[in-house]
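Understanding the architecture of this molecule
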Amino acid sequence: GQQVMQIPQYQHVQEGEDFTTYCNSSTTLSNIQWYKQRPGGHPVFLIQLVKSGEVKKQKRLTFQFGEAKKNSSLHITATQTTDVGTYFCAGPSGAGSYQLTFGKGTKLSVIP
Amino acid sequence: GAGVSQSPSNKVTEKGKDVELRCDPISGHTALYWYRQSLGQGLEFLIYFQGNSAPDKSGLPSDRFSAERTGGSVSTLTIQRTQQEDSAVYLCASSSGGRVGAPQFFGPGTRLTVL
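Here we summarise the structure given alongside this text. (Residues numbered from 1 in each chain as written. Chains lettered and ligands numbered in written order. Predicted model: local features only at pLDDT ≥ 70, side-chain atom pairs only at ≥ 80, totals over all residues. Heavy atoms only, no water.)

A cis geometry characterises the amide bond from Ile7 of chain A onward to Pro8 of chain A, with omega recorded as -5 degrees. Relative to the assigned elements, Pro8 of chain A resides in the loop between strand E1 (4–7) and strand E2 (10–14). Residue Pro8 of chain B follows Ser7 of chain B across a cis peptide bond; omega there is -10 degrees. On the secondary structure map, Pro8 of chain B appears in the loop between strand E1 (5–7) and strand E2 (10–13). Within the chain, Lys59 of chain A stands out as a residue other than glycine whose phi angle is a positive 55 degrees. Its place among the elements puts Lys59 of chain A in the loop between strand E6 (55–58) and strand E7 (61–65). (Helix = DSSP H or I, 4+ residues; strand = E, 2+ residues; numbered from the N terminus.)

In structure tokens, the structure reads:
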């Protein structure tokens, strides 16, 4: 079945440093989504990318969808303590599927 | 515009007891999902409902787990004869469905502890 891999699993950064997490799918995706889960909270939808090579920004967060639509990245510029949490990527579980396959997430810790 | 709600927020039970977890999806959302998340782990898919179609139960870990969705809205996840390994946070999500990979909106979860 389809697999979605995320690296790194954990990342510790000093406040103000940049952070990047990468997501790779075993199959081509029609779209990719990113979610953030704060400690003790639940996953919250951040963004969806649909087009090959698409880049979207949300303040200090930059999301990219690869040209082959098999990988994606989330980059945070100048991390803040409010960025702490686990970032998950997710893609449709198969062609035409309404289900999502989630990566295992990257847990970000920010040292003040 | 209420989000997804789940109850109870916490449930402590003894091994061997049955538990029922409830999920109220966002009004109008036709798709409903149940996931399990063990401490510090990712999301484990359990079951998926879409409208009036037969649910996809492929993620249920054993026949002790079952779920219903009544009237296309509220869903109940039942775990019979609970075991300690069932301890986890059970998350419900809903989406508008109708298109591939529609974003999912999660409830706050039910933290289940089996003693």
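Glancing now at the side chain of Thr79 of chain A. Residue and element names in this part refer to chain A. Structurally, Thr79 is set in the loop between strand E8 (71–76) and strand E9 (85–92). Its relative accessible area of 1% is what places Thr79 among the buried residues. A distance of 3.4 Å separates a polar side-chain atom of Thr79 from the backbone oxygen of Gln14. Every residue in contact with Thr79, bar those within four places of it in the chain, is listed here: Val13, Gln14, Glu15, Gly16, Glu17, Asp18, Phe19, Arg60 and Val110. (Buried < 20%, exposed > 50% of the residue type's maximum accessible area, 1.4 Å probe, protein only. Polar contact = N/O pair within 3.5 Å; in protein donor to acceptor, adjacent residues only side chain to side chain. Contact = heavy atoms within 4.5 Å.)

To continue, consider the environment of Thr106 of chain A. Residue and element names in this part refer to chain A. Tracing the backbone shows Thr106 in strand E11 (residues 106–111). When its relative accessible area of 0% is taken as the criterion, Thr106 is described as buried. Along the chain, Thr106 and Thr21 lie 85 residues apart, while their C-alpha atoms are 6.7 Å from each other. Those residues in contact with Thr106 that lie beyond four places of it in its chain are Gln6, Ile7, Pro8, Gln9, Phe19, Thr21, Gly85, Thr86 and Tyr87. A distance of 2.7 Å separates the side chain of Thr106 from the side chain of Thr21, its partner in a polar contact.

Tallied over the full model, the rule gives two disulfides over all chains. There is a disulfide in this structure between Cys23 of chain A and Cys89 of chain A, and the S-S distance comes to 2.0 Å. Handedness here is read from the sign of the S-S torsion; for Cys23 of chain A and Cys89 of chain A, about 80 degrees, the answer is right-handed. Taken together, the residues Cys23 of chain A in strand E3 (residues 19–25) and Cys89 of chain A in strand E9 connect sequence positions 66 residues apart. Each member of the pair Cys23 of chain A and Cys89 of chain A is classed as buried. With its sulfur 1.8 Å from that of its partner, Cys23 of chain B forms a disulfide with Cys92 of chain B. (Disulfide = S-S within 2.5 Å.)

It is worth spelling out the side chain of Gln50 of chain B at this point. All names here are of chain B. Mapped onto the elements of the fold, Gln50 is located in strand E5 (residues 44–50). Overall, the relative accessible area of 17% leaves Gln50 in the buried class. A polar atom in the side chain of Gln50 sits 3.0 Å from the side chain of Thr30. Looking at Gln50, its side chain comes within polar contact range of the side chain of Tyr48, at 3.2 Å.

Once that is clear, we can look at the pairing of strand E3 (residues 19–24) of chain B. Residue and element names in this part refer to chain B. Residues Val19, Leu21 and Cys23 point to one face of E3 and are all buried, whereas Glu20, Arg22 and Asp24, pointing to the other face, are not buried. Direction of pairing for E3 relative to strand E7 (residues 75–79): antiparallel, over a ladder of five bridges. By the bridge assignment for E7, Val19 is matched with Ile79. (Pairing = 2+ DSSP bridges.)

All names here are of chain B. Here we have four strands laid out as an open sheet, ordered E1-E3-E7-E6, and antiparallel in their pairing. Single-partner strands in this sheet number two, and they are E1 and strand E6 (65–69). Within this sheet the neighbouring strands show an average axis-to-axis angle of 15 degrees, counted without direction. Bridge count between E1 and E3: three bridges; the pairing is antiparallel. The partner of Ser5 across the bridge, within E3, is Asp24. (Axes fitted to C-alpha atoms, helices over the stretch in contact; angles between N-to-C directions.)

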